[in-house]
Amino acid sequence: MKMFLSQLDSPLGAMLLVTDARRVVRALDFADHKSRLYRGLREHYGEVELTEIPAPAEIADALARYFHGELEALKVLRTATSGSELQRRVWAALRRIPVGTTTTYGKLAKTLGFDDPRAAVEIGAANGANPIAIVVPCHRVIASNGDLKGYAWGLHRKRWLLEHENAMVAKKMQPETQTAMLPGF
């Protein structure tokens, strides 16, 4: 299968974009996770011929607008993924999570029709296998206790994205506690 590879800059580091001939996003990964990108392409598509091209303007523009605060800009991007039926259902459900909100693995499982609480584990695994960072917003899924849990591209990026989308309050740095020395001690 022939696909196209482009590099994009982002506030979170260089990104690698894989598109098909119709300019549909097939994968979006961070350059420091290049091996994950290539492994996913092999698993989902078999042998892939990648040709380097400049990023398609409409995709680069949508991502730039998103990073500059136009948070709905990514909705116009078309995506296509190959994966198991469950993975594709989870990834489609992720695109329906509104910007500025989060959901839990358990709630996502219920949305997909699973009543067994253990299904959240399978939903989490499908979520973690998402090949399209940010556009398919797996970063919006958190643990039921509010913890961020895992993120294939690093928890620092997940936190940044959720803060950027106003889905969580930025943690302020706590000033170091200073102990006053009293005379005679």
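In what follows, the structure referred to is the one given above.
Treat the numbers as computed from the prediction; the structure is a model and nothing was measured.

Draft legend 1. Expanded view of helix α2 (residues 57-67). For α2, the complete set of buried residues consists of I59, A62, L63, Y66 and F67. Seen from one end, α2 has its buried residues packed into an arc of 130°, which puts them on one side. Trailing α2 by a residue or two, G69 shows a phi angle of about 110°, which is positive.

Draft legend 2. Quick look at the nonpolar core. The biggest cluster of nonpolar side chains holds 41 residues, and the ones touching the most others in it are V90, L94 and I134. Elements with a contribution of two residues or more to this core: β2 (15-19), β3 (25-30), α2, α3 (85-94), α4 (105-111) and α5 (119-128). Those residues within four positions of V90 in sequence are excluded, and the remaining contacts are L108, L112, I123, A126 and N127. The next biggest cluster of nonpolar side chains, apart from the first, holds eight residues, and it includes M3, L5, L16 and Y45.

Draft legend 3. Spatial organisation of the pairing of β2. Across the five residues that make up β2, a large majority, five, are buried. A two-sided burial pattern is seen for β2, the buried positions comprising M15, L17 and T19 on one face and L16 and V18 on the other. In the sheet, strand β1 (residues 2-8) pairs with β2 via five bridges, with the strands oriented antiparallel. From the neighbouring strand, L8 faces β2, where its bridge partner is M15. Alignment of β2 against β3, held across five bridges, turns out to be antiparallel. Across the sheet, the residue bridging to L16 is D29, located in β3. Where β2 hands over to β3, the hairpin turn is made up of five residues, of which R23 adopts a positive phi near 65°.

Draft legend 4. Fine view of the packing of aromatic side chains. With the rule as written, the count across this model stands at four aromatic pairs. By the ring-pair criterion, three or more aromatic residues cluster together here, those being F30, Y151 and W153. R157 extends its terminal NZ or CZ atom over the ring of F30, reaching a point 3.9 Å from the ring centre.

How each quantity is defined
Residues numbered from 1 in each chain as written. Predicted model: local features only at pLDDT ≥ 70, side-chain atom pairs only at ≥ 80, totals over all residues. Heavy atoms only, no water. Buried < 20%, exposed > 50% of the residue type's maximum accessible area, 1.4 Å probe, protein only. Helix = DSSP H or I, 4+ residues; strand = E, 2+ residues; numbered from the N terminus. Arc of directions from axis to C-beta. Core = buried A, V, L, I, M, F, W, Y, C linked by side-chain atoms within 4.5 Å. Contact = heavy atoms within 4.5 Å. Pairing = 2+ DSSP bridges. Phe/Tyr/Trp six-rings, centres within 6.5 Å; stacked < 30°, edge-to-face > 60°. Lys NZ or Arg CZ within 6 Å of the ring centre and 35° of its normal.

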